[in-house]
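Survey of secondary and tertiary structure
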Amino acid sequence: MNLSIKQLFGRKPKSSNIAKQRLKLVITQDRVDVDDRFMTRLHHELAEVLAKYFEFSANSVKMNLKQEGNSYILVADFPYTKFHDMSMRR
Amino acid sequence: MGKVIVVTSGKGGVGKTTSTANLGTALALLGKSVVLVDADVGLRNLDIVMGLESRVVYTSMDVIEKQCELNKALVRDRRVDGLMLLAASQKNNKDDMQPEQMKAICDKLRTTYDFTLVDSPAGIERGFRNASAGADEAIVVTTPDVSAIRDADRIIGLLQNVEIEPINLVINRFSPQLVGNGSMMDQADVLDILNIDLIGVVPEDSGVITSTNRGIPLVYEDGSPGAQAYMRIARRLTGQRIPIPDLEQKGLFSSIVNWFTKNR
């Protein structure tokens, strides 16, 4: 109902909203690009957790941030060579 | 011990120098002792915006090169008690100054003045590093447009890296009409993106142009919306709690539509 009233009066999307959405996206990317330390830290912390379950060589790991339409996706490749079966350890 | 506050923005032309001049003057009008430091070596402007250009004899570079004492390099603004200006050298450039040298000047000024406001040049390079070297706090000036906000975000990141705290935001050249009809981001939008504390919103005010023409900061002739906004920010800087008024101007039509949509 909210929408229909505004649509009734022929409203285009407000340019201020477009500005905000575009900015949010670009700033997300800027912050990650600038802060290499952030990606390095994330890499280390993820590796630490994953190492409990998988065996992988550190230099095969790839991580980056991809833009898809209106959002960013963190893509992390941790190709593993061995799976530590936690259930067997008990 | 006084505070050293760097006024910065990243992007040029958003009103750093105008804001420094008006906030410094406003603080002096409130009875504080203030020194304004122009850190834009090679492109100095704070002196002309303040209307003090004809009285500048020495600059911060002369102090650094030990050509004169710091106190002697300060130009007194005779229109109000306790307001001083330290001009930048026009014949040097930003690389002629080291961040530690600016820090030494700020450390000295802090012992005498309640507020030292450092007007930073645009950019994120040496000039910005010099300007922020001695700062305890920062004021980031932005306008509500995509390029200024993006640059402000970059500057905020750099200030956080060197642990300058707090970082307060001034939204300048805010147009209540444009926000009202949805063509300009409002303060909530800007804060949602930048995520720092807002210390004031300065509306677009044509008085800024005439006051700059004459070299008389807006706050000397109060009454204009811009002057009032700067006075409120100055009061907040002194620790007074003053609410930030909602400047958004809603048209009759959109008010009616909003009333209907909100009341459902």
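In short, a report on the structure. (Residues numbered from 1 in each chain as written. Chains lettered and ligands numbered in written order. Predicted model: local features only at pLDDT ≥ 70, side-chain atom pairs only at ≥ 80, totals over all residues. Heavy atoms only, no water.)

1. Section: the overall build of chain A
Helix and strand counts for chain A come out as three helices and four strands. Starting at the N terminus and ending at the C terminus, chain A contains elements arranged as α-α-α-β-β-β-β. Burial analysis of chain A (90 residues in total) assigns 19% to the buried set. Restricting the contact set of chain A to residue pairs at least 6 apart, pairs at least 24 apart contribute 52%. (Helix = DSSP H or I, 4+ residues; strand = E, 2+ residues; numbered from the N terminus. Buried < 20%, exposed > 50% of the residue type's maximum accessible area, 1.4 Å probe, protein only. Contact = heavy atoms within 4.5 Å.)

2. A short note on helix α11 (residues 225-237) of chain B
Residue and element names in this part refer to chain B. For α11, built from 13 residues, the straight-helix expectation of 18 Å at 1.5 Å per residue is met to within 8% by its first-to-last C-alpha distance of 19 Å. Listing the buried residues of α11 in full gives Gly-226, Ala-227, Ala-229, Tyr-230, Met-231, Ile-233, Ala-234, Arg-236 and Leu-237. Buried residues along α11 sit against β1 (3-8), α1 (16-29), β5 (115-119), β6 (137-142), β7 (167-174) and β8 (197-203). At the C-terminal side of α11, Gly-239 shows a positive phi close to 105 degrees. (Expected span 1.5 Å × (residues − 1).)

3. Focus on unusual backbone geometry
Residues and elements named next belong to chain B. Put simply, Glu-165 and Pro-166 share a cis peptide bond, and its omega is -5 degrees. Look at Lys-66: it is not a glycine, yet its phi comes out positive at around 60 degrees. Structurally, Lys-66 can be placed in the loop between α3 (60-64) and α4 (70-73). By relative accessible area, which is 74% here, Lys-66 ends up exposed. Backbone geometry places Asn-195, a non-glycine residue, at a positive phi of 60 degrees.

4. Quick look at the packing of α1(B) against α11(B)
Residues and elements named next belong to chain B. Two elements in contact, α1 and α11, have axes separated by 9 Å at closest approach and are oriented at 65 degrees. With respect to the hand of their crossing, α1 and α11 are arranged in right-handed fashion. Touching Thr-18, Ser-19, Asn-22, Leu-23, Ala-26, Leu-27 and Leu-29 of α1 are Tyr-230, Met-231, Ile-233, Ala-234 and Leu-237, all from α11. Partitioned by chemical class, the residues of the contact of α1 with α11 number nine nonpolar, three polar and no charged. (Axes fitted to C-alpha atoms, helices over the stretch in contact; angles between N-to-C directions. Left-handed = near helix turned anticlockwise from the far one by under 90°. Nonpolar A, V, L, I, M, F, W, Y, C, P; charged D, E, K, R; others polar.)

5. Let's talk about the packing of aromatic side chains
Residues and elements named next belong to chain A. Applying the stated criterion across every chain, the model contains three aromatic pairs over all chains. Look at Phe-54 and Tyr-80: their rings are 4.5 Å apart centre to centre, the planes differ by 45 degrees, and that puts the pair in the tilted class. Of this pair, Phe-54 sits in strand β1 (residues 54-56) while Tyr-80 sits in strand β4 (residues 80-83), placing them 26 residues apart in sequence. Owing to a relative accessible area of 24%, Phe-54 belongs among the partly exposed residues under this scheme. Residue Tyr-80 is classed as partly exposed on the basis of its relative accessible area of 48%. Measuring from ring centre to ring centre gives 5.5 Å for Phe-54 and Phe-83, while their planes differ by 45 degrees; the resulting arrangement is tilted. Within this pair, whereas Phe-54 is found in strand β1, its partner Phe-83 is found in strand β4, the two being separated by 29 residues in sequence. (Phe/Tyr/Trp six-rings, centres within 6.5 Å; stacked < 30°, edge-to-face > 60°.)

6. Remarks on the nonpolar core
Looking at soluble globular proteins, one finds that nonpolar side chains tend to be buried together. Residue and element names in this part refer to chain B. In this structure, Leu-109, Val-118, Val-140, Ile-149, Leu-159, Leu-169 and Leu-194 are the most contacted members of the largest nonpolar core, which totals 50 residues. No other element matches helix α7 (residues 146-161), which puts five residues into this core. Among all residues touching Leu-169, those that are not within four sequence positions of it are Val-140, Thr-142, Val-190, Leu-191, Leu-194, Ile-196, Asp-197, Leu-198, Ile-199 and Gly-200. (Core = buried A, V, L, I, M, F, W, Y, C linked by side-chain atoms within 4.5 Å.)

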